[in-house]
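# Notes for the structure review
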Amino acid sequence: QVQLQESGPGLVKPSQTLSLTCTVSGGSITTGGSITTAYYWSWLRQPPGKGLEWMGAIAYTGSTYYNPSLKSRTSIFRDTSKNQFTLQLTSVTPEDTAIYYCARGSVRTLVGGPVDSNEYDYWGQGTQVTVSS
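In this report, we go over the structure that sits alongside the text. On a predicted model such as this, the values are computed, not experimentally measured, just so you know.

Cut-offs used in this document
- Residues numbered from 1 in each chain as written.
- Predicted model: local features only at pLDDT ≥ 70, side-chain atom pairs only at ≥ 80, totals over all residues.
- Heavy atoms only, no water.
- Helix = DSSP H or I, 4+ residues; strand = E, 2+ residues; numbered from the N terminus.
- Rg over C-alpha atoms; globule rule 2.2 N^0.38 Å.
- Buried < 20%, exposed > 50% of the residue type's maximum accessible area, 1.4 Å probe, protein only.
- Contact = heavy atoms within 4.5 Å.
- Areas by Shrake-Rupley, 256 points an atom, 1.4 Å probe, with all protein chains shown as cover.
- Lys, Arg positive; Asp, Glu negative; His and termini not counted.
- Charge placed at Lys NZ, Arg CZ, Asp CG, Glu CD.
- Core = buried A, V, L, I, M, F, W, Y, C linked by side-chain atoms within 4.5 Å.
- Pairing = 2+ DSSP bridges.
- Axes fitted to C-alpha atoms, helices over the stretch in contact; angles between N-to-C directions.
- Salt bridge = Lys/Arg side-chain N within 4 Å of Asp/Glu carboxyl O.

Another point: the overall build of the protein. Each helix and strand counted, the protein has zero helices and eleven strands in total. Relative to the globule expectation of 14 Å for 133 residues, the C-alpha radius of gyration of the protein, 14 Å, shows essentially globular dimensions. On the principal axes, the C-alpha backbone points of the protein span a range of 45 × 30 × 25 Å. Here the protein, with 133 residues, has 41% of them falling under the buried criterion. Contacts spanning at least 24 positions in sequence make up 57% of the contacts within the protein whose residues lie at least 6 apart. With an accessible surface of roughly 6800 Å², the protein has 48% of that area assigned to carbon and sulfur atoms. A gap of 6 Å separates the mean positions of the 9 positive and 8 negative side-chain charges of the protein.

See the structure below:
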């Protein structure tokens, strides 16, 4: 059973960098498989009163993919020895306040458009991040 868990600060000041780490157990973030295997280790967020927004992902190969609206501020990288991947979001504002999730997604999550939660088979529990002075 694959499990994901987010960790990081719950409060970040404006203009600072948000950094969250997802720890994966029960499966390797570097292992490939069939075309039906979920290869994309993803970050999503949900602002208050709004829907899920896909932020980006890192594939088992290490390739990264980003939401164009956030690309200039977003970086995703991994530590394969710890089976972890990390989200960094720079220059945060109160508009970045949200619940942040890590999840394992299919290749179809890279298409764009509204988030389809059915394309993610495993999710972390989510972590609240508030951007405030």
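Attention now goes to the nonpolar core. The biggest cluster of nonpolar side chains holds 24 residues, and the ones touching the most others in it are L4, L18, V24, W41, W43, F85 and Y100. Counting residues per element, the ones that place at least two in this core are β3 (18–25), β4 (40–46), β5 (53–59), β8 (84–89), β9 (98–105) and β11 (127–131).

The strand order across the open sheet formed by four strands is β1-β3-β8-β7, and the pairing between neighbours is antiparallel. Edge positions in the sheet fall to β1 (3–7) and β7 (74–79), since each of these pairs with one other strand and no more. Across the sheet, the mean angle from the axis of one strand to that of its neighbour is 20°, orientation sign disregarded. Relative to β3, β1 runs antiparallel, the two being bridged by five bridges. Its bridge partner lying in β3, E6 is registered against C22.

Below, the discussion takes up the environment of P14. By the secondary structure assignment, P14 is in the loop between β2 (11–12) and β3. Looking at P14, the relative accessible area reads 27%, which means it is partly exposed. As a C-alpha pair, P14 and Q125 span 111 residues in sequence and 25 Å in three-dimensional space. Filtering out sequence-adjacent residues up to four positions away, P14 remains in contact with V92, V131, S132 and S133.

Summed over the entire model, instances satisfying the criterion amount to five salt bridges. A salt bridge links R45 to D96; the nearest nitrogen and oxygen atoms lie 2.8 Å apart. Here D96 lies in the loop between β8 and β9 and R45 lies in strand β4, a separation of 51 residues in the sequence. The closest approach of N and O atoms between R73 and D96, which form a salt bridge, is 3.0 Å. Placement of R73 in the loop between β6 (64–66) and β7 and of D96 in the loop between β8 and β9 is noted, with a sequence separation of 23 residues between them. Accessibility expressed as a relative area gives 2% for D96, which makes it buried. One connected set of salt bridges, linked through shared partners, spans R45, E53, R73 and D96.

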